[in-house]
Amino acid sequence: MAKTGIGMTALTSVLALGVLAAGSAPAAGEDAAAFYKNHRDMKMIISAGPGGSYDIYARLLARHIGHHIPGNPSIVPMNVPGASGIKAANYVAQQAPQDGTILTNVRYNFAMYQALDNLKAVKTDMRSFHWIGSYNATNHVLVTFHTAPVKTFAEAQKTQVLIGQASPRSFGTLMCRIYNALLDTKLKVITGYGDIAKVKLAMKRGEVQGVGDDGWTDLKADFAELLRDKQLNILIQVGLRKEPELPHVPLLLDMAKNAEQKALFDFVTKSDASMGKPFATSPGVPADRVTLLRRAFDATMTDPAFLKDAGRLHVEIRPIAGEDVQKIVADIMGAPKDVTTKMRAALGIK
């Protein structure tokens, strides 16, 4: 898909701008509306490189949410890729201004990683971010290319298939480990592609044969032409209920063989499919500014200009309020100890 918006800016520039912005403290007693009228420059820190759904979704929001914030600030997109979103999360939590002038798309899967005590590289608790909303709650899917020897989930339990992933930390990598450990699949993960756009190219070249995890609505944007030409096999979907367009694709929850496995699959489903593509602001932002940003996000989701732009990019909008995303994160992080212990054991996390 074609890139949109402003081009990539180096991390060093982001850090320099962050330090400068952090030095301008708001006047005492300044309310949220007055603050934004006086601070018309904001930044969208994008946790991936250009071209994939993370970049497209973030730039889409950056183009429109400013119209619903007092003063109509410009939102400047800045790509800060690295370590599957870890570099951007650490920057926003630790170095960026904590005043509400920063927005970012923190990866939805970090809450699960932290619940499993397997994300020490991120230096802040996911509950400390102020979540302002999410584009959509969508099922996540495991897919193979039409030339792959595996075309169904049952076949993946018998025949090895090569799955491309951005990095060892990608959620698709973890999902493949879950499928292998709990459902006896033979998924061999090849990492190091950086982002979904490069995995797609690798699949077309025959280097890999599938993708370990992508949201269904993301897949329809990232792989539109392959879906149109019926070149993808959807092996399984992770969600509370089946996507209407995928009635014959098995649901992870339906594969549980006992109560213990059901509890594990419930945890995975909440972690993988309930948050959609969420956006947050920095942990230290005052409460009234968080509320203002949440209501601006809500208004953007019904803005005709935004919806037209989203339709042009084939981005489906099924919004989740920021307060609901905050609760989902807290629920994931507060999962019962026996569930996280069993999941860690299944994945070989020490």
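Everything numeric here is computed off the predicted structure, so don't read it as measured data.

### Focus: helix α11 (residues 259-273)
For step 1, the next point in the chain: Taking 1.5 Å per residue, 15 residues should reach 21 Å; α11 reaches 20 Å between its end C-alpha atoms and fits that length.
For step 2, the next point in the chain: Among the residues making up α11, those that are buried are Q261, L264, F265, F267, V268, T269, S271, D272 and A273.
For step 3, the next point in the chain: By the N-cap criterion, in which a side-chain oxygen at the helix start approaches the backbone nitrogen of a residue two or three places on, α11 is capped by N258, the distance to E260 being 3.2 Å.

### Focus on the sheet that holds strand β3 (residues 102-104)
For step 1, the next point in the chain: Ordered by their spatial adjacency, 6 strands build an open sheet running β2-β1-β3-β10-β4-β11, and the pairing between neighbours is mixed. For this open sheet the edge positions go to β2 (74-79) and β11 (320-321), each flanked by a neighbour on one side alone.
For step 2, the next point in the chain: Judged from the 2 bridges that link them, strand β4 (residues 130-134) and β11 form a sheet pairing that is antiparallel. Looking at β11, one finds that S134 is bridged to I320.
For step 3, the next point in the chain: Across the sheet, helix α14 (residues 322-333) is in contact with β4, β10 (278-281) and β11; its angle to β4 comes to roughly 115°.

### A short note on the sheet that holds strand β5 (residues 140-145)
For step 1, the next point in the chain: Strand order across the open sheet formed by 5 strands is β7-β6-β8-β5-β9, with mixed pairing between neighbours. Across the chains shown, the open sheet's two edge strands, defined by having one partner strand only, are β7 (187-190) and β9 (232-238). Direction aside, neighbouring strands of the sheet carry axes that sit 35° apart on average.
For step 2, the next point in the chain: One ladder, built from 4 bridges, connects β5 with strand β8 (residues 210-215); its direction is antiparallel. Each residue of the ladder has a partner; that of V143, found in β8, is V211.
For step 3, the next point in the chain: Helix α8 (residues 196-205) rests against β5, β6 (161-164), β8 and β9 of the sheet, and its axis sits at about 145° to β8.
For step 4, the next point in the chain: Seen against the sheet, α11 touches β5, β8 and β9 and runs at an angle of roughly 115° to β9.

### Quick look at the side chain of K200
For step 1, the next point in the chain: Assignment of secondary structure puts K200 in helix α8.
For step 2, the next point in the chain: A residue is classified by how much of its surface remains accessible, and K200, at 10% relative accessible area, is buried.
For step 3, the next point in the chain: Ignoring anything within four residues of it in the chain, the contact list for K200 reads D222, F223, E225 and L226.

### A short note on the layout of surface pockets
For step 1, the next point in the chain: What the largest pocket holds in volume is close to 430 Å³.
For step 2, the next point in the chain: Lining the largest pocket are 34 residues; nearest its centre among them are Y54, R107, A166, S170 and I196.
For step 3, the next point in the chain: Within the residue set of the lining of the largest pocket, elements represented by two or more residues are α3 (53-64), α7 (171-183), α8, β8 and α9 (216-222).
For step 4, the next point in the chain: For the second largest pocket, the calculated volume is near 290 Å³.
For step 5, the next point in the chain: A breakdown of the residues in the lining of the second largest pocket according to their chemical character gives 5 nonpolar, 5 polar and 6 charged.

### Digging into the packing of α7 against α11
For step 1, the next point in the chain: α11 packs onto α7 with a crossing angle of 165° between their chain directions and a minimal axis gap of 13 Å. What the angle tells us is that α7 and α11 run roughly antiparallel. Read as a crossing pair, α7 and α11 show a hand that is left-handed. Seen from α7, the contacting residues are F171, M175, I178, L182 and L183; seen from α11, they are Q261, L264, F265, V268 and D272.
For step 2, the next point in the chain: Of the residues in the contact of α7 with α11, the class split is 8 nonpolar, 1 polar and 1 charged.

The rules behind the values
Residues numbered from 1 in each chain as written. Predicted model: local features only at pLDDT ≥ 70, side-chain atom pairs only at ≥ 80, totals over all residues. Heavy atoms only, no water. Helix = DSSP H or I, 4+ residues; strand = E, 2+ residues; numbered from the N terminus. Expected span 1.5 Å × (residues − 1). Buried < 20%, exposed > 50% of the residue type's maximum accessible area, 1.4 Å probe, protein only. Polar contact = N/O pair within 3.5 Å; in protein donor to acceptor, adjacent residues only side chain to side chain. Pairing = 2+ DSSP bridges. Contact = heavy atoms within 4.5 Å. Axes fitted to C-alpha atoms, helices over the stretch in contact; angles between N-to-C directions. 1 Å grid on protein atoms, 1.4 Å probe; cavity = no way out; pocket = protein on both sides within 12 Å on 5 of 7 lines; lining within 4 Å. Points joined across faces, edges and corners; volume = space filled by probe spheres on them. Nonpolar A, V, L, I, M, F, W, Y, C, P; charged D, E, K, R; others polar. Parallel < 35°, antiparallel > 145°, perpendicular 65-115°, else oblique. Left-handed = near helix turned anticlockwise from the far one by under 90°.

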